[in-house]
Amino acid sequence: MKVGVPKEIKTHEYRVGLTPGAVREYVGAGHSVLVETNAGAGIGATDDSYRKAGAAIAASGREVFASSEMIVKVKEPQPSEWTRLRENQILFTYLHLAPDPEQAKGLIKSGCTAIAYETVTDANGGLPLLAPMSEVAGRLAIEAAGAALKRYAGGRGLLIGGVPGVQPARIVVIGGGVVGTHAARMAAGLGAEVTILDRSIPRLRELDEIFQGRIRTRFSTIDSVEEEVFAADVVIGAVLVPGASAPKLVSRSMLSAMRKGSVIVDVAIDQGGCFETSRATTHADPTYELDGVIHYCVANMPGAVPLTSSQALNNATLPFGLALANKGFAAVLENPHLRAGLNVYHGRLTYKAVAESLGLPFSPVDQAAA
């Protein structure tokens, strides 16, 4: 198969769909790989390193899209990219369609086969292609919070870990999944006072075992969310409903009761965010203030550390990408985990949660493929 890797064009997105090491795997499996010039610049991978791995270099993204049977990216295609997609072409990348009707309509119109990293599953019911970026984002969330808490950034002027004799920051993490766990690990490691809220009692038990009393756990209710958010210096939004829009757990009216200069970090912003006041920001302009609360809502947080992120992502996506390159759409029909990743096929939405979030018709994979 002809596999294409365009350069990411989202603001301050430095990750790359395939590293030179991953290219070697594709080439070794008998596939040809076309990489846009400077696609790997953000991770220090030169065009020559891709050539040595066996790839050909394209002068433009347009050439990559026009010449490839499968496009491997990191972030969702931007408007100038989804117009280049065509029928029967496979797109393998993060999509996050639920809060993005325009992208969904663009992919539907293109007729392409769009497989979303974030809804591919594994035998344990996990999301193996989302997990590595969730790990990165969870850890970065605490770094971002620490920066936003500084007085010159509009925050309370608080050091996350405090110092002897001075109380540390109080950090509340809403959601005890991968993002929440890694955010809590970073925060606790810095010496913060940490609470995780979640609606799964079994998961709260697991977290209690993992952290051995270093954090508090609370069952998530309207009352507990309000109590914790109002007393927090930092609130990390880490709620995930696979494929669907994130639930809004903190309302605009709650902001007035929060501490002035406190910080919200909405890691769920890719799925629309779990705070009513969240709107997507970029690394170029990551924060804004509303009702005295600093909001950090960067939609591609792991892009800030592209070397770590690209390697971690490629480690996870490689087996699935090779399966698609080896068998094409047949791999989707044969592999239930890739089937779960299929969001758009032949002009139809094939992921129910996405269709429901967008209010558009849903077609099961079998029906769409008929």
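Here the structure is a predicted model, which is why all the values come from computation and not from measurement. (Residues numbered from 1 in each chain as written. Predicted model: local features only at pLDDT ≥ 70, side-chain atom pairs only at ≥ 80, totals over all residues. Heavy atoms only, no water.)

Asker: In this structure, what is going on with the overall build of the protein? I would like to understand it.
Answerer: Within the protein, the regular secondary structure consists of 15 helices and 15 strands. What you see for the protein is a C-alpha radius of gyration of 21 Å, in line with the 21 Å of a compact globule of 370 residues. With the C-alpha coordinates aligned to their principal axes, the bounding extent of the protein is approximately 60 × 45 × 35 Å. Counting every position in the protein, which comprises 370 residues, the buried fraction comes to 55%. (Helix = DSSP H or I, 4+ residues; strand = E, 2+ residues; numbered from the N terminus. Rg over C-alpha atoms; globule rule 2.2 N^0.38 Å. Buried < 20%, exposed > 50% of the residue type's maximum accessible area, 1.4 Å probe, protein only.)

Asker: Just checking my understanding: could you explain the state of the cysteines for this structure?
Answerer: What we call a disulfide is simply a covalent bond connecting the sulfur atoms of a pair of cysteines. Scanning the entire structure with this criterion turns up zero disulfides. Left without a disulfide partner, Cys 274 is nearest to the cysteine sulfur of Cys 297, which lies 9.1 Å away. Residue class for Cys 297 comes out buried when judged on its relative accessible area of 0%. (Disulfide = S-S within 2.5 Å.)

Asker: For this particular structure, what's the right way to read helix α5 (residues 101–110)?
Answerer: Every α-helical turn comprises 3.6 residues, leaving residues that sit three or four positions apart pointing alike. Restricting attention to buried positions, one finds in α5 the residues Gln 103, Ala 104, Gly 106, Leu 107 and Ser 110. Burial along α5 is one-sided: seen end-on, the buried residues are contained in an arc of 160°. Along its buried surface, α5 packs onto α4 (79–82), β5 (90–93), β6 (113–116), β14 (342–345) and α14 (352–358). With its phi angle positive at about 80°, Gly 111 sits one or two positions after the end of α5. (Arc of directions from axis to C-beta. Contact = heavy atoms within 4.5 Å.)

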